[in-house]
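Spelled out, the chains give:
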Amino acid sequence: RDAALLRYALRRALEVVAPDVFAVFDVAPGERRTWKTWVEGKAPDVVFEITSRKTRREDTRIKPAIYAELKVREYFRFDPEGDYLKPPLQGQRLGPQGYVDIPMKDDGLWSEVLGLGLRVKDGRLRLFNLQTNAYLPTPVEDHLRALEAEARALENQQRAMSAETRAREAE
């Protein structure tokens, strides 16, 4: 889910935070304009924040405390410009005493929650499948693959029609 408000109640006050992207497992599927933890029965499992000059302080100091209190299992920050976070991709996993940094390994971070690696490729945050040793496709890549498959199907159909025409002419 991306760019939705996350409403939560801590210490009896209704509060709001707006994660850039979050994922929640074991809930009923469907679109929601806002995520209400008291309605859903849980907070997100993993949160991603895209850090900028305006959000750096909030992303590094304020939101981690909120997400830890909500029991968000993993929290990732990404600075696409590399100007405000060093390194530009950072991750934390919730432990008994709060968040603990996830160590960088093979130029990326491992998300236990997602079962995927996170890497920066060409300045973009990408998800990586360690079993297949491949990046998950972006929506554009998915669309291009679908177009290529459609073109191959048309090509095969034309070949079959040509073969039928030649067979008829040979008779």
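Before reading further, recall that the structure is shown in the block above.
Now for a description of the structure that goes with this document. These figures come from a predicted structure and were not determined experimentally.

Let us look at the overall build of the protein chain. Scanning the protein chain for helices and strands turns up three helices and twelve strands. The globule rule puts the C-alpha radius of gyration for 171 residues at 16 Å, and the 23 Å found for the protein chain is more than 25% above it. Taken over 171 residues, the protein chain has a buried fraction of 33%. Summarising the internal contacts of the protein chain: among those between residues at least 6 apart in sequence, 44% fall at separations of at least 24. Carbon and sulfur atoms make up 51% of the accessible area of the protein chain, which amounts to about 11400 Å² in all. Side chains of the protein chain carry 29 positive and 28 negative charges; the gap between the two charge centres is 6 Å.

Bringing helix 2 (residues 56-70) into the picture now. Taking 1.5 Å per residue, 15 residues should reach 21 Å; helix 2 reaches 20 Å between its end C-alpha atoms and fits that length. Its maximal kink placed at Lys63, helix 2 deviates by approximately 40 degrees, while the proline Pro64 follows within four residues. Within the span of helix 2, buried status applies to Asp59, Lys63, Pro64, Ile66, Tyr67, Ala68 and Leu70.

Right, let's talk about the sheet that holds strand 10 (residues 116-121) for a bit. Across the sheet, four strands lie side by side as 9-10-11-12; this open sheet has antiparallel pairing. Two strands lie at the open edges of the sheet, namely strand 9 (108-111) and strand 12 (134-135), each paired on one side alone. Looking at chain direction, strand 10 and strand 11 (residues 124-129) are connected through five bridges and run antiparallel. From the neighbouring strand, Val120 faces strand 11, where its bridge partner is Leu125.

A separate point is the pattern of salt bridges. One side chain can pair with another of opposite charge once the charged atoms of both are near each other. Applying the stated rule across the entire model yields six salt bridges. Linking Asp45 and Arg73 is a salt bridge whose minimum nitrogen-to-oxygen distance equals 3.6 Å. In this pair, Asp45 sits in the loop between helix 1 (37-40) and strand 5 (46-50) while Arg73 sits in the loop between helix 2 and strand 6 (74-78), placing the two residues 28 residues apart along the sequence. On the accessibility criterion, Arg73 (42% relative accessible area) is partly exposed. Of the charged contacts, one joins Glu49 and Lys63 as a salt bridge, the two residues approaching to 3.0 Å between their closest N and O atoms. On the criterion of sequence distance, the pair formed by Glu49 in strand 5 and Lys63 in helix 2 is long-range, its members being 14 residues apart. Exposure remark for Glu49: the relative accessible area of 1% places this residue in the buried category. Connected through shared salt-bridge partners, Lys42, Asp45 and Arg73 make up one network.

Along the chain, Lys86 connects to Pro87 via a cis peptide bond; the corresponding omega equals -5 degrees. The phi torsion at Asp26 lies on the positive side, around 65 degrees, for a residue other than glycine. By the element assignment, Asp26 lies in the loop between strand 3 (21-23) and strand 4 (34-36). One non-glycine residue, Asp106, lies in the positive phi region at around 50 degrees. Take Asp106: it is sitting in the loop between strand 8 (98-101) and strand 9.

Parameters at a glance
- In every chain, residue numbers begin from 1 and rise along the written sequence.
- Confidence filtering applies because this is a predicted model: local features only for residues at pLDDT of at least 70, side-chain atom pairs given and counted only at 80 or more, and all residues used for totals across whole chains, interfaces and linings.
- Hydrogens and water are ignored here; the side-chain numbers use all heavy atoms of the structure.
- Put simply, DSSP marks the helices as runs of H or I at least four residues long and the strands as runs of E at least two long, and each gets a number from the N terminus on.
- What the globule rule says is 2.2 Å times the number of residues to the power 0.38, and the radius of gyration is computed from C-alpha atoms.
- When a residue's accessible area, from a 1.4 Å probe over protein chains only, is under 20% of the maximum for its type it is buried; when over 50% it is exposed; and in between it is partly exposed.
- Two residues form a contact once any of their heavy atoms are found within 4.5 Å.
- Residue exposure ignores everything except the shown protein chains as possible cover, and the areas themselves are Shrake-Rupley values with a 1.4 Å probe.
- His is not counted, nor are the chain ends; Lys and Arg add positive charge and Asp and Glu add negative charge.
- A charged residue contributes its charge at one atom only: NZ of Lys, CZ of Arg, CG of Asp or CD of Glu.
- One less than the number of residues in a helix, times 1.5 Å, gives the span that helix is expected to have.
- We define the bend at any residue as the angle between the axes fitted to the seven residues before and including it, ending there, and the seven starting there.
- Strand pairing is defined by DSSP finding a minimum of two bridges between the two strands.
- Here, a salt bridge means any side-chain nitrogen of Lys or Arg that lies within 4 Å of a carboxyl oxygen of Asp or Glu.

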